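The chain contents come next:
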Amino acid sequence: MSEKKFQPWHGWILFGVSLGAVVILGMVTALLLERRAEVASIFNNRKAPMVGEAVHSPNEDFRTDFPREYETWRATEQTDFESAPLDQKFDKNAKPKMCYNGSEAVDVLAGRPNMVILWAGYAFSWDYTTPRGHMHTIEDMTRSLRTGAPDTETTGSNQPGTCWTCKSPDVPRIMAEKGVAEYYKANWAMWGNEIVNPLGCSDCHDPETMDLRISRPALIEAYARQGIDITKASHQEMRSLVCAQCHVEYYFKDDPATPEKDQYLTFPWDKGFSVEDMEAYYDATGYFDYKHALSRAPILKAQHPGFETAKMGIHGQRGVSCADCHMPYKAEGGVKFSDHHIQSPLAKMDRTCLVCHRESEETLLANVFERQHKCEELAVRLEDELARAHIEAKYAWDKGATEAQMANALQLIRKAQWRWDFAVAAHGAFFHAPQEVTRILGRGLDYALQARMEVQKTLAKNGHLEAVPMPDISTKEKAQKYIGLDIPAKEAAKKKFLETIRPKWIESARANGVIREDAYVTCQL
């Protein structure tokens, strides 16, 4: 067999390919250097430097030097994105049960009245809407019925000042000025004229260097109790940790041994990040958020463990950060920057999902909604069983059941509702970790059914064998009336507060230079 010989023209082809590769690499390098040079120029020639400032609250002051980031952050004011209706983009007959964290405010209790029953005895039974963008953090907190209706500029709320913690860059400013413990101990209304700027720049960035940083102590403290110095995290880790300051499960610790730290914001991670780990943490001290108004069960109210559930899913396990999907890069001129219009990745799939995935947008959406719908189906089923368990437990109490007879059932209700709330309150969990959420909800359903059986046994022991009558709780209004709420009175009080006290807060904040004239302050009931 004759061997193929190297021909002269082969060399010319090789030379041409090599030359082309060198040219392309040179162009890429030049482009990268140009971008780096422009970015360096932005930082080296800041017109409004914030030298020596640990916190700078007014977001508008960052606009001069960082117009791209500022304008995309302002876009979080928009409320026109709906997630679930995207089903209908490819299937006109699709009828999703609810929206999955779009940017609009949706009255969840109106669509899921069983939640009113689950939260009886807690302010979430008054009012619960889906979260909007960061531009609305102050407005939505102030407008919510849950924060009550302060009757003076500094008193009258039914919530502690700790509730403000994740809503504004004014929070780390006040912590620095007044002390962390003093900030936590105040009434919610106490900070009304101080916490006025919506979540923004200084919450995640050092205002002088613009490096990512942790601006609130709870996250650092939680990791420190595990022996981890989170302040030494990598840049990629920080692109999730700045989000983890707020999108986590937490509680307000009230330790009699340290009364100076009442209502101290604490993350229950000492035993781990799973739903069982946090339950064990709470059980060790007998903690509960509230006693249920119907069943008297000691309930744990999950907040929004988005960071924890994201860690449990495939993206988190592969090192994908929150910012990779919720703040995708944009290119403008010679500058590449993170889009600060933080919202669902499904709103801009060409710059999020399709950067890594090779499937079509249609296929990816179908996969996402299939998983979300399955989680949703199980969550709704668990809600129904829990609502029945609470109502049946009340019936048993009314028929003379003793605490000893009800003890096991109440603990099972606590376990079931903790799992339901953990899965539902973790915004995006049905996307982030559908397998783990399905496991959690399935276990919760098991506990709820066990609880109902225990209540039935107690009723039988006390001679009541008939079926427990179920009230009509088919609407939010009927459910709220059943648990004894006077929502019209709460709405009237809130309206009065918004018309009388709220304007005084804004006037005081502007007079003291805490807020700029063009800041977003709209707030209506």
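Look up a bit, the structure's there.
Conventions used here
Residue numbering note: each chain is counted from 1, following its sequence as written. In view of the model being predicted, local features appear only for residues whose pLDDT reaches at least 70, and side-chain atom pairs are presented and counted only at 80 or more, with totals across whole chains, interfaces and linings using the full set of residues. For the side-chain quantities, the full set of heavy atoms in the structure was used; hydrogens and water were omitted. By definition, two strands form a pair when at least two bridges between them are found by DSSP. Here a strand is any run of E in DSSP of at least two residues, a helix any run of H or I of at least four, and the numbering for each starts at the N terminus. Salt bridges are identified by distance alone: a Lys or Arg side-chain nitrogen within 4 Å of an Asp or Glu carboxyl oxygen. Each residue is placed in one exposure class: buried if its accessible area under a 1.4 Å probe, protein chains only, is under 20% of its type's maximum, exposed if it is over 50%, and partly exposed if it falls in between. Residues are treated as being in contact if the distance between any of their heavy atoms lies within 4.5 Å. Each Phe, Tyr or Trp ring (for Trp, its six-membered ring) is paired with any other whose centre lies within 6.5 Å, and the angle between the two planes then decides the class: stacked below 30 degrees, edge-to-face above 60, tilted in between. Look at NZ for Lys and CZ for Arg. If either is within 6 Å of the ring centre and within 35 degrees of the ring normal, a charge sits over the ring. Cavity: a set of points on a 1 Å grid over the protein atoms alone where a 1.4 Å probe fits but cannot get out. Pocket: an open set with protein on both sides within 12 Å along at least five of seven lines, its lining residues, like those of a cavity, having an atom within 4 Å of a point. Grid points are joined across faces, edges and corners, and a volume is the space filled by probe spheres set on the points. In this count, Pro and Cys sit with the nonpolar residues alongside Ala, Val, Leu, Ile, Met, Phe, Trp and Tyr, while Asp, Glu, Lys and Arg are called charged and the others, Gly among them, polar. Lines fitted to C-alpha atoms define the axes here, with helix axes fitted over just the stretch in contact, and angles between the N-to-C directions of these axes take values from 0 to 180 degrees. Reported orientations rely on four angle classes, namely roughly parallel under 35 degrees, roughly antiparallel over 145, roughly perpendicular from 65 to 115, and oblique for the rest. Less than a right angle of anticlockwise turn of the near helix away from the far helix marks a crossing as left-handed, whereas a clockwise turn marks it as right-handed. Each patch is built from salt-bridge-free residues with over 30% relative accessible area, joining like charges within 9 Å and nonpolar side chains (Val, Leu, Ile, Met, Phe, Trp, Tyr) within 5 Å. Per-residue and other accessible areas follow the Shrake-Rupley method at a 1.4 Å probe size, with only the shown protein chains counted as cover for residues. Residues belong to one nonpolar core when they are buried, are Ala, Val, Leu, Ile, Met, Phe, Trp, Tyr or Cys, and are joined through side-chain atoms within 4.5 Å.

**Q** Any details on the pairing of strand S5 (residues 329-332)? Residues and values, ideally.
**A** As paired elements, S5 and strand S6 (residues 335-338) share four bridges and run antiparallel to each other. Looking at the pairing, Glu332 lines up with Val335 of S6. From the end of S5 to the start of S6, which pair antiparallel, there are two residues, and Gly333 there has a positive phi angle of about 65 degrees.

**Q** Could you give an account of the pattern of salt bridges, with specific residues and numbers?
**A** Within this structure, the stated rule accounts for 37 salt bridges. One salt bridge connects Arg516 with Asp61, and the closest N-O pair in it is separated by 2.6 Å. Remark: Asp61 occurs in the loop between helix H1 (8-44) and helix H2 (67-74) and Arg516 occurs in the segment after helix H22 (487-511); sequence separation between them is 455 residues. By relative accessible area, which is 26% here, Arg516 ends up partly exposed. Linking Asp398 and Lys394 is a salt bridge whose minimum nitrogen-to-oxygen distance equals 2.8 Å. In this pair, Asp398 and Lys394 both sit in helix H17 (residues 361-398), four residues apart, roughly one turn of the helix. A single salt-bridge network, built from bridges that share partners, covers Arg132, Glu139, Asp140 and Arg143.

**Q** Describe in detail helix H11 (residues 235-244), supporting the description with residues and values.
**A** Restricting attention to buried positions, one finds in H11 the residues Met238, Arg239, Ser240, Leu241, Val242 and Ala244. Lining the buried residues of H11 we find helix H9 (201-204), helix H10 (217-224), helix H13 (306-312), helix H15 (322-326), S5 and S6.

**Q** Please provide a residue-by-residue account of the packing of aromatic side chains, values included.
**A** Counted by the stated rule, this structure contains 27 aromatic pairs. Both rings, one in Phe124 and one in Tyr128, keep their centres 5.5 Å apart while their planes meet at 50 degrees; by these two values the pair is tilted. Judged on exposure class, the residue Phe124 and its partner Tyr128 are both buried. Plain terms: the ring middles of Phe267 and Trp269 are 5.1 Å apart, the flat faces sit at 50 degrees to each other, and that makes the pair tilted. The class for Phe267 is buried, based on a relative accessible area of 1%. An aromatic cluster is built from Trp119, Tyr122, Phe124, Tyr128, Tyr290 and Trp420, whose rings are joined through pairwise contacts. Taking NZ or CZ as reference, Lys301 lies 4.5 Å from the ring centre of Phe124, over its face. In this structure, Lys311 is placed above the aromatic ring of Phe273, and the distance from its NZ or CZ to the ring centre is 4.8 Å.

**Q** I'd love a proper account of empty space enclosed by the protein, names of residues and values included.
**A** Applying the stated criterion across every chain, the model contains one cavity of 30 Å³ or more. The computed volume of the largest cavity comes to approximately 40 Å³. What lines the largest cavity is Met135, Ile138, Glu139, Val196, Pro198, Arg502, Tyr520 and Val521. A per-class count over the lining of the largest cavity returns six nonpolar, no polar and two charged.

**Q** Explain the packing of H17 against helix H18 (residues 403-425) to me, using residue names and the numbers behind them.
**A** Interaxial distance between H17 and H18 falls to 10 Å at its minimum, and their mutual angle equals 155 degrees. In this view, H17 runs roughly antiparallel relative to H18, as classed from their interaxial angle. The way H17 lies across H18 gives a crossing that is left-handed. Between H17, through Ala379, Leu382, Glu383, Leu386, Ala389, His390, Ala393, Ala396 and Trp397, and H18, the contact on the second element is made entirely by Glu403, Met406, Leu410, Ile413, Ala416, Gln417, Trp420 and Val424.

**Q** Break down the side chain of Gln480 for me, citing the residues and quoting the values.
**A** Looking at the element boundaries, Gln480 is found in helix H21 (residues 476-482). If we ignore the near neighbours within four places in the chain, the residues touching Gln480 are Leu109, Val116, Ser125, Trp126, Leu485 and Ile487.

**Q** How would you sum up a nonpolar patch on the surface? Please name residues and give values.
**A** Taken together, Trp12, Phe15, Leu19 and Val23 make up a surface patch of nonpolar side chains, about 470 Å² in accessible area. With respect to the element layout, Trp12 can be found in helix H1. Residue class for Trp12 comes out exposed when judged on its relative accessible area of 66%.

**Q** I'd like a rundown of the nonpolar core, residues and numbers included.
**A** The biggest cluster of nonpolar side chains holds 52 residues, and the ones touching the most others in it are Trp164, Tyr183, Leu241, Phe267 and Trp269. Excluding residues that lie within four positions of it along the chain, Trp164 makes contacts with Ile138, Met141, Thr142, Val171, Tyr183, Trp188, Trp191, Gly192, Ile195 and Trp505. Core analysis: the second largest hydrophobic core is formed by 51 residues, Ala297, Leu410, Ile413 and Ile483 among them.

**Q** Could you give an account of the layout of surface pockets, with specific residues and numbers?
**A** Taken as a whole, the second largest pocket encloses approximately 840 Å³ of empty space. Along the wall of the second largest pocket there are 37 residues; nearest its centre are Ile314, His315, His357, Val368 and Phe431. For the lining of the second largest pocket, the per-class residue count stands at 19 nonpolar, nine polar and nine charged.

**Q** Just give me the short version of the packing of H17 against helix H20 (residues 434-461), but keep the residues and values in it.
**A** At a closest axis distance of 9 Å, the pairing of H17 and H20 adopts a crossing angle of 20 degrees. It follows that H17 is roughly parallel to H20 by the angle criterion. Once H17 is placed against H20, the crossing between them reads as left-handed. For the contact of H17 with H20, the class distribution of residues is 17 nonpolar, four polar and six charged.

**Q** Which residues make up unusual backbone geometry, and what are the values?
**A** Phi at Met210 takes a positive value of approximately 65 degrees, unusual for a residue other than glycine. As for its placement among the helices and strands, Met210 is situated in the loop between H9 and H10. Overall, Met210 belongs to the buried group, its relative accessible area being 14%. One non-glycine residue with positive phi stands out, namely Gln263, at about 60 degrees. On the secondary structure map, Gln263 appears in the loop between strand S1 (251-253) and strand S2 (264-266).

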